[in-house]
Amino acid sequence: MRRARKQSGASLDSLLDTMTNVVGILVILLTVTQLGVQDAVKRISSTVRVDPEELRRAEEELATLLKLEALLREQLAALDTKGLDSEKIKRELARLLPLLYHARHDIEVLQQSQEERKRQVELALQKLAEEARKTLQEQQEKEKALIAKVNAADQEVAGLRAKLADTPEQSPLPAKIVNLPNPRAAPEGSQPLTLLCREGRILWVDVETLRDRAQRRADFVVKRRRLDRDPAKGIDGKILAEEFNDERIRDRYFELEMQIRGRVPYLVFKRLPEAGEATKLLVHPSSRYQQRIRRTDPRSFYLQYLVWPDSFETYLEARKIAAARGLPAGWIAQTTKGEYTIPLGGKLRVGPPPPPPKPAPKPKPGEKPKPRPKPKPVPKDTVD
């Protein structure tokens, strides 16, 4: 019998090499996938802040990768290189390569997510460290400032204690005799002389002389500017005050300024610098105050002191000198912060005249008209 001829064909060495490489690639892929999944799970679980939505997506990715790993293991176990032909190997490769691509893509996405979270954590730590450094620096500066204040306060207390130790004991001040006020009407026919006691100085106010000069100047301004030519509009108070204040009226102590309040012009007695006499000068017989007191007739004048809280001692000294002369006097406490002000006086008014008063309603037949209210009595000047 003829010996059977051996089947000839191409060598399978290259195919076996290819299968061996495929198997090695699959093993490596399974190992990398498993390590990547475990590493991703560890890093996701150690994230500083975990968003619930991100955690859900990560769990889904993990489940997908685990399924892929199990599938690859099954395929690797089922792969038998001895009984497979080249066509079957090609089909397996065509099926496994997309899975390999997707697995690599998922691993890259997880790595990028890991790097991004790592970068965010580093930035957050840097920001927290910077804020902590600034806070620590501010606290240190506040501590230094507080220590400096405490040291300064200690030095001040030590200085005050030293001054207190060197200060002799103060004896009680001598008592001052102050007469209780006894208001009574001013002497009949006498005229007041006004004095200001303010800022530790006493000033004579020549009210009548200055007011007379101011009235004559106001009348001159009205006639020169013809401010009274239209009775319906009345005198323009703004023009009157500006013209009046262009050339100030003054004496030894004051400078007058006109101000309009409503329809009434007022005179403001602005004190000149260093005007008046200080309290310590009043005791000298040659002082202007004592000279004026000696020239004042007690039967024709009485003194009216306007006293501010900072000059009560001045008033007491001046009142004692006036009492020695026998001059009647009274005083009025003042609390205003502005300068002494009085109305211009006279009949001069600015602006349009007010409308005439409404006539009183006629009484009904048989009804008696209501009596007109009596004017309030004008208070008389008093002395005490």
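Structure report, in brief.

Conventions adopted
Residues numbered from 1 in each chain as written. Predicted model: local features only at pLDDT ≥ 70, side-chain atom pairs only at ≥ 80, totals over all residues. Heavy atoms only, no water. Phe/Tyr/Trp six-rings, centres within 6.5 Å; stacked < 30°, edge-to-face > 60°. Helix = DSSP H or I, 4+ residues; strand = E, 2+ residues; numbered from the N terminus. Buried < 20%, exposed > 50% of the residue type's maximum accessible area, 1.4 Å probe, protein only. Pairing = 2+ DSSP bridges. Contact = heavy atoms within 4.5 Å. Salt bridge = Lys/Arg side-chain N within 4 Å of Asp/Glu carboxyl O.

## Some remarks on the packing of aromatic side chains
Summed over the entire model, instances satisfying the criterion amount to eight aromatic pairs. Pairing Phe269 with Tyr340 gives two aromatic rings, centres 5.4 Å apart and planes at 45 degrees, and the pair type is tilted. Of the two residues, Phe269 sits in strand β5 (residues 264-271) while Tyr340 sits in strand β9 (residues 340-343), which places them 71 residues apart along the sequence. Taking relative accessible area as the criterion, Phe269 reaches 0% and is therefore assigned buried. On the basis of an interplanar angle of 65 degrees and a centroid distance of 5.7 Å, the ring pair of Phe312 and Trp331 is categorised as edge-to-face. In this pair, Phe312 sits in helix α8 (residues 312-325) while Trp331 sits in strand β8 (residues 329-333), placing the two residues 19 residues apart along the sequence. Feature note: the residues Tyr253, Phe254, Phe269 and Tyr340 constitute an aromatic cluster, connected by ring pairs.

## Focus: the pairing of strand β3 (residues 201-205)
With four of five residues buried, β3 lies mostly within the body of the structure. By the bridge criterion, five bridges tie strand β2 (residues 191-198) to β3 in an arrangement that is antiparallel. Note that in β3 the partner of Leu196 across the bridge is Leu203. Hairpin connection, β2 to β3: the antiparallel pair is bridged by two residues, and Glu199 has positive phi, about 55 degrees.

## A closer look at the environment of Gly237
For Gly237, the position within the fold is in helix α5 (residues 237-246). On a C-alpha basis, the gap between Gly237 and Pro265 in space is 7.9 Å, while along the polypeptide they are 28 residues apart. If near-sequence neighbours (up to four positions away) are discounted, Gly237 is found in contact with Ile260 and Val350.

## Describing the pattern of salt bridges
A full pass over the atoms with the stated rule returns 15 salt bridges. Glu199 is the partner of Arg271 in a salt bridge, and the nearest nitrogen-oxygen pair spans 3.5 Å. Of the two residues, Arg271 is situated in strand β5 and Glu199 in the loop between β2 and β3; the sequence distance between them amounts to 72 residues. As a salt-bridge pair, Arg271 and Glu339 come within 3.0 Å of each other at their nearest N and O atoms. On the criterion of sequence distance, the pair formed by Arg271 in strand β5 and Glu339 in the loop between β8 and β9 is long-range, its members being 68 residues apart. Overall, Arg271 belongs to the partly exposed group, its relative accessible area being 24%. Residues joined by salt bridges that share partners form a network here, namely Arg248, Arg250, Glu255, Glu257 and Lys270.

Everything listed here is a matter of geometry and, on its own, says nothing about what the molecule does.
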